[in-house]
Each structure stands twice: as structure tokens, then as C-alpha cells.
Amino acid sequence: MLKLINELEAKAIAKINESKNVNELNEAKSTFLGKKSPISEIMSKMRDFTVEQKKEIGQRVNVFKTKIEECVNKKLQAIKDEEVNNKLKSEEIDVTLPGKKFSDGYLHVLTKTIEELEDIFIGMGYSIAEGPEIEKDLFNFEMMNLPKDHPARDMQDTFYITNNDLLRTHTSPVQARVMLEAKGKPIKVVCPGKVYRRDEDDATHSHQFMQIEGLVVDENVSMSDLKGALTEVFRKVLGEDTNIRFRPSYFPFTEPSVEVDISCFKCHGVGCPLCKGSGWIEILGAGMVHPNVLKMAGYDPNKYQGFAFGIGIERITMLKYGIDDIRNFYTNDKRFLKQF
Ligand code: PHE
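Because the structure is a prediction, the values reported are computed rather than measured.

J.: Quick question: what am I supposed to make of the packing of helix α2 (residues 22-33) against helix α4 (residues 51-90) here?
T.: Each packed pair of helices is defined by two parameters, the angle between the axes and the distance between the axes. Running from amino to carboxyl end, α2 crosses α4 at an angle of 175°, the nearest separation of the two axes being 10 Å. Taken together, the axes of α2 and α4 are roughly antiparallel relative to one another. Residue-level inspection shows V22, L25, K29, F32 and L33 of α2 in contact with α4, the latter providing F64, K65, I68, E69, V72, K75, L76 and I79. For the contact of α2 with α4, the residue count by class is nine nonpolar, no polar and four charged.

J.: What exactly am I supposed to notice about helix α1 (residues 2-18) here?
T.: Structurally, the α-helix is built with 3.6 residues per turn, so residues lying three or four positions apart point the same way. With 17 residues, α1 should reach 24 Å at 1.5 Å per residue; the first-to-last C-alpha distance of 24 Å fits that figure. Where α1 is concerned, the buried positions are I5, L8, E9, A12 and I16. End-on, the buried residues of α1 take up no more than an arc of 105°, which puts them together on one face. Residues of α1 that are exposed and angled more than 90 degrees away from the buried face: K3, K11 and E18. Close packing links the buried residues of α1 with α2, α3 (38-44) and α4.

J.: Teacher, can you tell me more about the site of the ligand here?
T.: Within the structure, the ligand sits among 15 residues, and H170, S172, R197, Q211 and G310 are positioned closest to it. The contact in question runs from a nitrogen atom of the ligand to an N or O atom on the side chain of H170, over 3.0 Å. Between the ligand and S172, the relevant distance is 2.9 Å, taken from a nitrogen atom to a side-chain nitrogen or oxygen of the residue. Here the ligand, which alone exposes 320 Å², has 92% of that area covered by the protein. If you list the elements that add at least two residues to the shell around the ligand, you get β5 (208-218), β8 (280-289) and β9 (305-312).

J.: Even after reading the chapter, I still don't get the sheet that holds β5, so can you show me in this structure?
T.: Strand pairing in a sheet is mediated by backbone hydrogen bonds. Such pairs are either parallel or antiparallel. Pairing is mixed in the open sheet, where seven strands are placed in the order β1-β4-β5-β9-β8-β7-β6. Each end of this open sheet is capped by a strand with a single partner; those strands are β1 (127-128) and β6 (244-251). With eight bridges joining them, strand β7 (residues 254-263) and β8 adopt antiparallel strand pairing. By the bridge assignment, V258 is partnered in β8 with A286. Strand contacts of helix α7 (residues 173-182): β4 (187-196), β5, β8 and β9, with the helix running at about 145° to β4, the strand carrying the most contacts.

The rules behind each value
- Residues numbered from 1 in each chain as written.
- Predicted model: local features only at pLDDT ≥ 70, side-chain atom pairs only at ≥ 80, totals over all residues.
- Heavy atoms only, no water.
- Axes fitted to C-alpha atoms, helices over the stretch in contact; angles between N-to-C directions.
- Helix = DSSP H or I, 4+ residues; strand = E, 2+ residues; numbered from the N terminus.
- Parallel < 35°, antiparallel > 145°, perpendicular 65-115°, else oblique.
- Contact = heavy atoms within 4.5 Å.
- Nonpolar A, V, L, I, M, F, W, Y, C, P; charged D, E, K, R; others polar.
- Expected span 1.5 Å × (residues − 1).
- Buried < 20%, exposed > 50% of the residue type's maximum accessible area, 1.4 Å probe, protein only.
- Arc of directions from axis to C-beta.
- Near = heavy atom within 4 Å.
- Polar contact = N/O pair within 3.5 Å; in protein donor to acceptor, adjacent residues only side chain to side chain.
- Areas by Shrake-Rupley, 256 points an atom, 1.4 Å probe, with all protein chains shown as cover.
- Pairing = 2+ DSSP bridges.

Right, dumping it as C-alpha cells:
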């Protein structure tokens, strides 16, 4: 009988240790300790044994039971430990792995040009003003001395939202807004922003582009102040040996009006393909603020004068970096945009 219990014990321990999970372990436990287990059967036959045997077998059965309980508990702990280990392993993070790389942002080259110009103008005492891109006919045209039937409106055909609201064709309407707001006080501002024209897009035209407008209004402002300011700016942007020249031109909102050329920064005035052999490059429109424009915005033209200019941001950027197609700025080819 004792031999039987020894064999039973060895079998039970083997079965318990083979269990892979709590279910299997419980099954093994009830097989060897439960009501229908061989050990229970032995117990139920106890009365058939002698007193001597009863004592011996009883003790052995007790050792069996304790040993099996212990074994089960040990295995249970082992199964639980393993579960925790597996969970930890599945959640393991390798802190030595290289991190995810986020590509750095960079400024659009047109933004760079605007910021560079703004910095220079701020250094010269100008402040920055902005106006809406959806503009009133009143500011875009009327207050710029372009009444409804003025033929010069033709050069700046645009996109209309209503009869009176349109996408502004230049940053000049900001002039009128700034003057109305300043209520007769002196002004020194630059106004950067997007403008729109009903143009066919090609290498040098875009239906949407950018300008930076300048406006200085004060007593005793003259053309030479305009020339001095623009010379200073372009020497800073394009090089200290840059010269500028004025050619007579026409804008309804300035009188006199000028077209401003800069000396070619590539050939320094000798003549090359960039300046088409002339040594000069046309760069912007400017002039003395028309007395009508001053009057409409509440300034007495007999006391105040002003100069104004409008610089094309794309044009300057194209010249500076040798870009030959304006569409490059707007087609979002990263290979192009990343260069700057
Ligand atoms: N607004 C003009 C244009 O877009 C440029 C300009 C501005 C000319 C200020 C003179 C004075 O063509």
C-alpha cells in the first residue's frame, strides 16, 4: 500500500509540474486530491486495515496530501510569475532604439524675403501695417484716384466677389486705410501682403503674387527722400555697390510717378543676359502721393507730401536667387523650396 502511495505521489508531482496553466493545475489537483481520487479511495478502505497499518498508512496519506498541496501552490506561483514576466516582456521598450525623426520646418523663400525687407525697414524707422486681401472697390481703386470709369483700371483687372468687394490688385489700398486711421498725423509704414490680378500664369506672371508697399507722409517729403530710402534698402538686400535710377512713368495714385531700376548686381552695369545688356533691371513702381489721394484720406496736400512705392516680392526673390520661373514659388516642390 505504501508503495502504491509512493507511485501515486510521483505521478501526481509529475502531472502537477507538467501543467501549463491554472486550469490544467486545478485539474491535476482534483485528480490526485479530489473526492474520486485514488487517495480518497484508499482512505475509504481504512477500516479494513489493522491498527498498525491504519497508523502507518494514515501518516503516509497525510504526508502525501501536504506534499501535493505544497507542490500545487509552488506550481501556481510559478505559473503566475511566468504570466507577469510574459506581460512585462511584451511591454518591453528598448530605450536604446533611435527615436523617430521629425523633419525640421523651414521658411518659404518668399517669407524670408518679406522678413528681410521688414527688418531693414524697421531699422529705418518704419512700422508694419496690413490690410485685407478681400478689399472694397473704394480702397483698391476709388481712393487710389482710380474712379469707376478710369481706363487704368484695365491694367489691374481682378476677381470680383460682389460689385464692391474684390481681391485687391495691389497693396496700395493699405495706404488709404493707414492714412484714414492716422487722421492727419505723419506716417512711415510698409505693408506686405498678397495681391491678385486676372493674368494668365506663365514664367513671369501669376494671378496671385506678393508686394510690399511703402508710404511716408509728412511735411517736406521729397523725391530725393524716396530715392535715398530705396537706395539704402537695395544696397542692404543686393549689395553695397547697388545704384538706383528713376525713369518717368505713370500711376494714377502718384504724381510724379517713376519706374525704379537697380544697377545689375550680376554684371555691375556692364551688360549681361540678366539685365538684357542694359546694365539696369526694372524693379518697382513709385512716386509722390497724388494730391487727390492725400485729400481723399483727410490730408491737406498744401501742407503734407508723401512718397509711396510698391515692391514685387517675387521679382526681388527671383533676381536675388536667380530663379527663372515664378510658378516655382507656388507649386510646392520640396526640392525647390528646401534650397533656401
Ligand atoms: N500699386 C502699384 C502696382 O501695383 C505700385 C506702386 C505703389 C506704384 C506705390 C506707385 C506707388 O503696380
